Amino acid sequence: RPGRPDLARQLALATHRHEHPLYAAALKGHVAVAEALLRADQRCLAATVAAVLTARADRDGFTALHAAVVGRRRRVLSHAVEWLREDDDRASAKKALDARNKYGSCALHLAARAGDPVLTRTLLDAGAALDVLDERGANPVDVCLEHARRTRASGAATLEVLEKAGGRPTARGARTRRRR
């Protein structure tokens, strides 16, 4: 029932790391638990999926979408994207997709850093923005190039996905690319 503050408070309990249970379920790859928590929050708060996903961020601003990418939980991410598509409020869904943590990174930055082309493609297909800059002024293409240079990993598949979607490095990223 909407407006049950006691249940809403219980759902908002966080772990000792200040992680909401929805974040923890996404990080660990528990799709059914994440959906149950999301739907319960939706009912209690009378909110959209996007509002719940952004409201239930941890103290560093990591949302369930961030958690799914950090944990490399492809199933959770694809389900979360589907849940967002159910939202009638497209602007809120887009905001949740591009939500930034305290470092200015959105889920696409984290997918690019992970070098995972599947996570990257899932986010891009859902409408994630390629032009979002983190606190250092880097877009997801820059992050992918920097990570590949630092770790000596190729990141070629992820870079190809980003570039096919229209992503281009900023001037900062172009310098990184030349050094490779």
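The following refers to the structure shown.

Procedures and definitions
Residues numbered from 1 in each chain as written. Predicted model: local features only at pLDDT ≥ 70, side-chain atom pairs only at ≥ 80, totals over all residues. Heavy atoms only, no water. Salt bridge = Lys/Arg side-chain N within 4 Å of Asp/Glu carboxyl O. Helix = DSSP H or I, 4+ residues; strand = E, 2+ residues; numbered from the N terminus. Buried < 20%, exposed > 50% of the residue type's maximum accessible area, 1.4 Å probe, protein only. Axes fitted to C-alpha atoms, helices over the stretch in contact; angles between N-to-C directions. Parallel < 35°, antiparallel > 145°, perpendicular 65-115°, else oblique. Left-handed = near helix turned anticlockwise from the far one by under 90°. Contact = heavy atoms within 4.5 Å. Nonpolar A, V, L, I, M, F, W, Y, C, P; charged D, E, K, R; others polar. Core = buried A, V, L, I, M, F, W, Y, C linked by side-chain atoms within 4.5 Å.

### A word on the pattern of salt bridges
- For the structure shown, the criterion picks out ten salt bridges.
- With its nearest N and O atoms 3.5 Å apart, the salt bridge here joins Glu35 to Arg39. You can see Glu35 and its partner Arg39 sitting in helix H3 (residues 31–45), four residues apart, about one turn around the helix.
- In this structure Glu35 comes out as partly exposed when scored by relative accessible area, which is 29%.
- One salt bridge connects Asp125 with Arg121, and the closest N-O pair in it is separated by 2.9 Å. One end of the pair, Asp125, and the other, Arg121, are both in helix H9 (residues 117–126), four residues apart, so they sit about a helical turn from each other.
- One network of salt bridges, with partners in common, ties together Glu35, Arg39 and Glu86.

### A look at the packing of H3 against helix H6 (residues 74–86)
- Across the interface, H3 lies against H6 with an axial gap of 10 Å and an inter-helix angle of 25°. Considering the angle they form, H3 stands roughly parallel to H6. At the point where H3 passes H6, the crossing takes the right-handed sense. Across from Val31, Ala34, Glu35, Leu38 and Arg39 in H3, the residues of H6 making contact are Arg75, Val76, His79, Trp83 and Glu86.
- Considered class by class, the residues forming the contact of H3 with H6 number five nonpolar, one polar and four charged.

### Quick word on the environment of Asp98
- By the element assignment, Asp98 lies in the loop between helix H7 (90–97) and helix H8 (107–114).
- Taking relative accessible area as the criterion, Asp98 reaches 14% and is therefore assigned buried.
- Not counting residues within four places of it along the chain, the set of residues in contact with Asp98 comprises Cys106, Ala128, Ala129 and Val132.

### Structural notes on the packing of H8 against H9
- As a packed pair, H8 and H9 sit with axes 8 Å apart at the nearest point and diverge in direction by 155°. It follows from the interaxial angle that H8 and H9 lie roughly antiparallel. For the crossing formed where H8 meets H9, the hand is left-handed. Taken together, the residues of H9 that come into contact with H8 (itself represented by Ala107, Leu108, Ala111 and Ala112) are Leu119, Thr120, Leu123 and Leu124.
- Its residues placed into classes, the contact of H8 with H9 shows seven nonpolar, one polar and no charged.

### Looking at the nonpolar core
- In terms of nonpolar packing, the biggest core is built from 50 residues, with Leu22, Val69, Leu77, Leu84, Leu108, Leu123 and Leu162 touching the most fellow members.
- With six residues, the single largest contributor to this core is H6.
- Those residues in contact with Val69 that sit more than four places away from it in its chain are Leu77, Ala107, Leu110, Ala111, Leu119 and Leu123.

### A short note on helix H2 (residues 21–28)
- Among the eight residues of H2, six are classified as buried, and the element is accordingly described as predominantly covered.
- For H2, the complete set of buried residues consists of Leu22, Tyr23, Ala24, Ala25, Ala26 and Leu27.
- In the core, the buried residues of H2 are packed alongside H3, helix H4 (49–55), helix H5 (64–70) and H6.

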